[in-house]
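Here's the letter readout for the chains.
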Number of protein chains: 2
Amino acid sequence: MNADSRMAYLRLTARAARIATIGEASAVLNWDASAMMPPGGSAARGDQFAVLASLAHGLATAPEVADDLAEAEATPPVDAWDDANLRLLRHAHTRATAVPADLVEALARTGNTCEQVWRTARANADFAQVAPHLTELMALVREQAQALAPALGLTPYDALMDGYQRGITAADVTPVFADYERFLATALPQAEALQAARGTPIPLEGPFPEDLQESLCRRLSHRAGLEPEHSRLDRSTHPFCGGTPTDVRITTRYRTDEFAQSLMGVLHETGHALYERGLPAAHARQPVGEAAGMAAHESQSLIVEMQASRSDAFLSWLGPQLLETFGGNPSTFETANLSRHLRKVGRGFIRVDADEMTYPAHVILRFRLEQALISGDLTVVDLPGAWNDGMHNLLGITPPDDAKGVLQDIHWYCGLVGYFPCYSLGAMAGAQLMATARREIAGLDAALAQGDFAPLLGFLRTRIHSQGSLHGFNDLLRHATGKPLDPTDFTAHLTARYLGGAGAPPPH
Amino acid sequence: MNADSRMAYLRLTARAARIATIGEASAVLNWDASAMMPPGGSAARGDQFAVLASLAHGLATAPEVADDLAEAEATPPVDAWDDANLRLLRHAHTRATAVPADLVEALARTGNTCEQVWRTARANADFAQVAPHLTELMALVREQAQALAPALGLTPYDALMDGYQRGITAADVTPVFADYERFLATALPQAEALQAARGTPIPLEGPFPEDLQESLCRRLSHRAGLEPEHSRLDRSTHPFCGGTPTDVRITTRYRTDEFAQSLMGVLHETGHALYERGLPAAHARQPVGEAAGMAAHESQSLIVEMQASRSDAFLSWLGPQLLETFGGNPSTFETANLSRHLRKVGRGFIRVDADEMTYPAHVILRFRLEQALISGDLTVVDLPGAWNDGMHNLLGITPPDDAKGVLQDIHWYCGLVGYFPCYSLGAMAGAQLMATARREIAGLDAALAQGDFAPLLGFLRTRIHSQGSLHGFNDLLRHATGKPLDPTDFTAHLTARYLGGAGAPPPH
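Counting restarts for each chain, with residues numbered from 1 along the sequence as it is written. As they are written, the chains are lettered A onward and the ligands numbered 1 onward, keeping that order. The predicted origin of the model limits local features to residues at a pLDDT of at least 70 and limits the giving and counting of side-chain atom pairs to 80 or more, whereas totals for whole chains, interfaces and linings rest on all residues.

## Observations regarding the environment of B:Ala313
Here is step 1 of the chain: Under the scheme used here, helices are H or I runs from DSSP no shorter than 4 residues and strands are E runs no shorter than 2 residues, and both carry numbers assigned from the N terminus. One can find B:Ala313 in helix H12 (residues 312-326).
Here is step 2 of the chain: Given 20 C-beta atoms within 10 Å, B:Ala313 falls into the buried group. Remark: C-beta atoms are placed from the backbone, and a residue is labelled buried if 20 or more other C-beta atoms sit within 10 Å of its own, exposed if 12 or fewer do, or partly exposed between those counts.

Encoded structure:
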């Protein structure tokens with residue numbers, strides 16, 4: 001890299017750091033809006049987000065960026081991290097400049113209106129109410145996809161997916177999901193039959209006071225490795241992980257009639273938070289220092305929640321903690337009984353309530369429908385019918401109304417298309433990582449049986465967190481597990497956990 | 001205003017709104033840093049503040065602002081609010097452009113370092129540790145004052161004061177404070193003697209659990225008129241009022257051995273918050289829609305805390321609330337006893353712990369010393385000695401160490417000079433406003449005796465809050481009370497409250 005190229009590169013990284021710092025401010029304000037802000041602050045907060053976004057966009061698309069990129073690329077950096085960073089800076093610039101400013105603005109405005117109307121429409125289970133807004137929004141999202149596609153050399157739908165997880169296309173996902181659909185068609189009835197044969201577990205008897213749940217959640221989150229001096233746990237209607245890498249904010253919600261939702265929810269968000277905490281500090285505020293994408297992120301939450309925290313090993317440690325916290329009948333907290341509460345399969349209408357086996361069916365449905373919406377093969381008017389048909393084909397059930405169907409998720413109604421596949425790609429990657437960790441770390445389950453996440457966290461820090469965005473999704477997995485995404489680890493995990501008959505290996 | 005002038009004016013207001021919105025984001029992040037942020041987030045937060053400040057500064061000092069100002073001023077707005085706003089936009093531009101960018105940066109950097117060192121120095125009561133940093137910082141503040149002075153047509157010290165309260169100069173303040181010093185010399189010993197003659201009040205017996213204090217504070221704050229849907233009450237080491245006009249955040253701290261600090265503290269911050277809530281929404285995010293200055297702000301916190309909430313009328317309502325909340329011996333909560341706890345005078349070292357009679361002495365000391373620091377008549381090395389001499393002259397006491405003396409307040413150590421007079425000007429303005437309210441509103445004290453702030457709040461909303469920055473400090477008071485600042489209302493209030501003998505009018 002010659003001196004001019006180096007100077008141009010350094011100007012770009014300084015600018016990227018400034019943009020990222022604005023993003024941090026927005027992230028904290030976003031957490032605040034969900035967890036702290038009184039309702040009367042909402043209009044002003046919307047303006048604050050808009051101004052910050054426009055300042056960041058202005059920095060990202062300033063004319064000198066194109067010149068600096070060309071200058072830096074003339075003799076690219078030798079260092080692998082800088083080289084990857086420069087490519088990511090180019091990628092971000094391409095995305096930021098491909099969509100005309102008035103379209104960006106129309107997307108934000110229409111998305112905002114549509115989301116507001118959706119809240120009412122969902123409450124009323126009345127799709128017709130939001131349909132015109134969604135039609136308008138989807139037309140804009142199509143325009144956005146068509147603007148991004150040639151710039152990125154991707155199909156329109158892939159260009160949208162690229163915004164959430166680089167390096168994965170619909171062509172990669174389609175066969176994976178088709179295989180999973182086949183697996184599910186036989187595995188789900190078997191799992192249901194085995195579950196029914198086992199009979200009803202002893203009920204976990206509440207109430208489970210919110211403050212006891214909260215202090216237990218906090219303790220478990222810290223035990224999993226999230227440092228109190230760099231994190232908070234608060235409450236919000238929709239649980240999430242936000243904030244910044246040195247100041248991670250996770251949230252959950254509590255209900256007093258059960259504890260699993262908050263407990264497993266916090267462990268899930270802790271998985272996300274640990275990823276943020278483990279990102280390479282030397283590359284903070286640079287694209288290469290960020291998480292490798294939303295599928296990668298979901299792999300980290302799901303390996304902590306689904307793979308580790310719902311394993312027999314961990315549950316054998318968790319049971320006594322629960323008994324100590326909540327009291328009650330000791331046998332309800334024994335591993336065999338606890339696992340039947342925390343690892344139930346079943347056909348339901350709601351994605352966020354789904355178990356790990358049926359969850360991909362919800363994602364497959366959305367993946368197919370949103371591709372059709374973007375290609376124009378499906379109109380918004382026909383969407384509820386297509387949803388209900390798809391649900392029937394995949395899980396054999398038909399939603400009683402659109403609130404339990406097409407209206408359940410916020411994503412499309414605020415213009416997020418191409419995100420859904422990340423959930424299941426993450427689940428598959430999480431299983432693949434866990435299989436590797438179990439192979440490589442002899443005492444992994446023994447440690448979890450002591451409530452000790454350290455061996456697993458060490459593995460994830462080295463193989464995933466510290467890698468930032470140095471690799472694409474498949475290369476990251478190759479680096480960590482020796483192979484690109486391989487969904488058979490996920491189906492093997494489900495088979496062992498839910499179909500393990502008398503002769504099968506012990507479930508984990 | 002012709003069309004070109006109007007267009008220029010509208011460009012200026014759009015820019016001002018953008019700057020103000022960035023300021024709102026900073027304000028929420030600042031609240032978060034004090035009330036919520038885990039310690040590990042502090043470095044990143046500093047960067048976030050710096051980036052937001054530099055973006056706002058960039059917008060404020062962009063070359064086109066000077067052109068737009070000149071164009072708009074060519075035919076100034078006819079509307080009084082717009083006219084005042086344009087003058088304030090000019091004033092803000094003058095302040096923003098008068099100080100060279102490298103000096104602004106040096107002030108921020110040195111102020112930050114000095115403040116860090118001050119924290120340790122104060123903990124160690126070791127002025128020598130921070131002296132070199134304070135010397136460097138004061139040199140920069142002097143430079144800043146000298147840069148601002150010619151641009152504003154003010155003396156250097158007045159140019160600093162102007163940053164916190166426009167329209168007040170040292171020449172205005174000096175005689176007011178000299179009069180007060182004379183008043184105090186006779187009033188304080190008299191008040192102390194009367195207090196001693198009354199004997200010790202019945203002790204208020206704790207503990208006072210934090211959660212009970214917090215819910216009472218919240219209730220009182222709402223009762224005083226602060227709407228829950230536009231505000232929060234949280235905890236922080238140093239109580240303050242922050243956030244934005246539609247989303248006000250107040251904080252306090254609790255100790256279980258007494259409740260007065262949090263209770264009166266929350267009522268104080270509620271006074272600030274009510275001012276923000278009452279600002280003219282039609283002029284939101286414009287200079288003319290902001291509070292009229294820090295002295296004006298302090299008048300609103302002190303009228304609620306000192307004038308209303310410590311009055312016999314309000315205490316007669318508060319007593320039963322306290323009894324109901326905390327239980328204990330009913331006679332301790334009777335007005336006569338309660339007032340002797342909540343209205344004690346005494347000579348102390350610490351400004352923030354001072355009663356309303358001695359508080360101005362703390363301010364007078366600082367006002368004199370900081371003028372001498374800026375003029376160069378006093379060096380930082382001689383500051384602790386000058387402090388102790390001044391304290392002895394004003395209150396007859398000498399601090400045992402510098403932690404209880406010159407090191408107690410953060411202001412100078414982060415570069416804030418010219419702020420201190422606002423506290424006492426606010427106290428005086430608060431007394432003047434209360435005297436007017438009592439004259440004009442027949443049932444004012446009767447309402448307070450029902451715990452009803454509505455008549456007082458109505459008066460403040462009409463006379464002060466809704467006026468924004470339409471008037472300067474003295475014109476605001478003239479508008480509200482028929483006269484500019486008149487400190488005799490404050491001394492009359494103190495005389496009635498603390499020196500009211502047998503023949504005096506009843507204390508309020």
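Alright, that's what it looks like, and here's the rest.
## Some points on the domain arrangement of chain A
Residues and elements named next belong to chain A.
Here is step 1 of the chain: Start and end points for every domain follow an automatic or database-based domain assignment. Taken domain by domain, chain A comprises domain 1 (3-157), domain 2 (176-197 + 349-418) and domain 3 (207-329 + 422-498).
Here is step 2 of the chain: On a C-alpha basis, the centres of domain 2 and domain 3 stand 25 Å from each other.
Here is step 3 of the chain: Any two residues are considered in contact once their C-beta atoms, placed from the backbone, lie within 7 Å. Between domain 2 and domain 3, the contact holds eleven residues from the first and nine residues from the second.
Here is step 4 of the chain: Contributions of two or more residues to the side of domain 2 that touches domain 3 are made by helix H8 (170-198) and helix H14 (359-375).
Here is step 5 of the chain: Looking at the side of domain 2 that touches domain 3 element by element, the count peaks at six residues for H8.

## Description of the relation of the copies chain A and chain B
Here is step 1 of the chain: Rotating chain A by 180 degrees and moving it 0.1 Å along the rotation axis overlays it on chain B with an RMSD of 0.0 Å. Here the transformation between the copies is reduced to the relation of a two-fold axis. Only residues with pLDDT of at least 70 in both copies contribute their C-alpha atoms to the least-squares superposition of the copies.

## Comments concerning the interface of chain A and chain B
Here is step 1 of the chain: Taken residue by residue, the interface counts 30 residues in chain A and 30 residues in chain B.
Here is step 2 of the chain: For the side of chain A that touches chain B, the secondary structure elements donating two or more residues are helix H1 (3-35), helix H2 (42-60) and strand S1 (231-235) of chain A.

## Some remarks on unusual backbone geometry
Here is step 1 of the chain: Of note, the amide linkage connecting A:Gly206 to A:Pro207 takes the cis form, showing an omega dihedral of 0 degrees.
Here is step 2 of the chain: Position of A:Pro207 relative to the elements: it lies in the loop between H8 and helix H9 (210-223).
Here is step 3 of the chain: Backbone geometry at B:Arg285 places phi at a positive 65 degrees, although glycine is not the residue there.
Here is step 4 of the chain: Among the secondary structure elements, B:Arg285 is positioned in the loop between helix H10 (260-278) and helix H11 (294-309).
Here is step 5 of the chain: For B:Arg285, a count of 20 C-beta atoms within 10 Å translates into the label buried.

## Observations concerning helix H4 (residues 80-98) of chain A
All names here are of chain A.
Here is step 1 of the chain: Under the convention used throughout, the expected extent of a helix is 1.5 Å for every residue step, that is, one less than its residue count. Taking 1.5 Å of rise per residue, the 19 residues of H4 would be expected to cover 27 Å, and the 27 Å separating its terminal C-alpha atoms lies within 8% of that figure.
Here is step 2 of the chain: Within the span of H4, buried status applies to Asp82, Ala84, Asn85, Leu86, Leu88 and Leu89.
Here is step 3 of the chain: Among the structural elements, H1 and helix H3 (63-74) are those in contact with the buried residues of H4.

## Thoughts on the pairing of strand S2 (residues 241-244) of chain B
All names here are of chain B.
Here is step 1 of the chain: On S2, burial covers both faces: Cys241 and Gly243 on one face and Gly242 and Thr244 on the other are all buried.
Here is step 2 of the chain: Relative to strand S3 (residues 247-252), S2 is paired through four bridges, and the arrangement is antiparallel. Counterpart to Gly243 in the pairing with S3 is Val248.
Here is step 3 of the chain: For two strands to count as paired, DSSP must find a minimum of two bridges between them. Between S2 and S3, which follow one another and run antiparallel, lie two residues.

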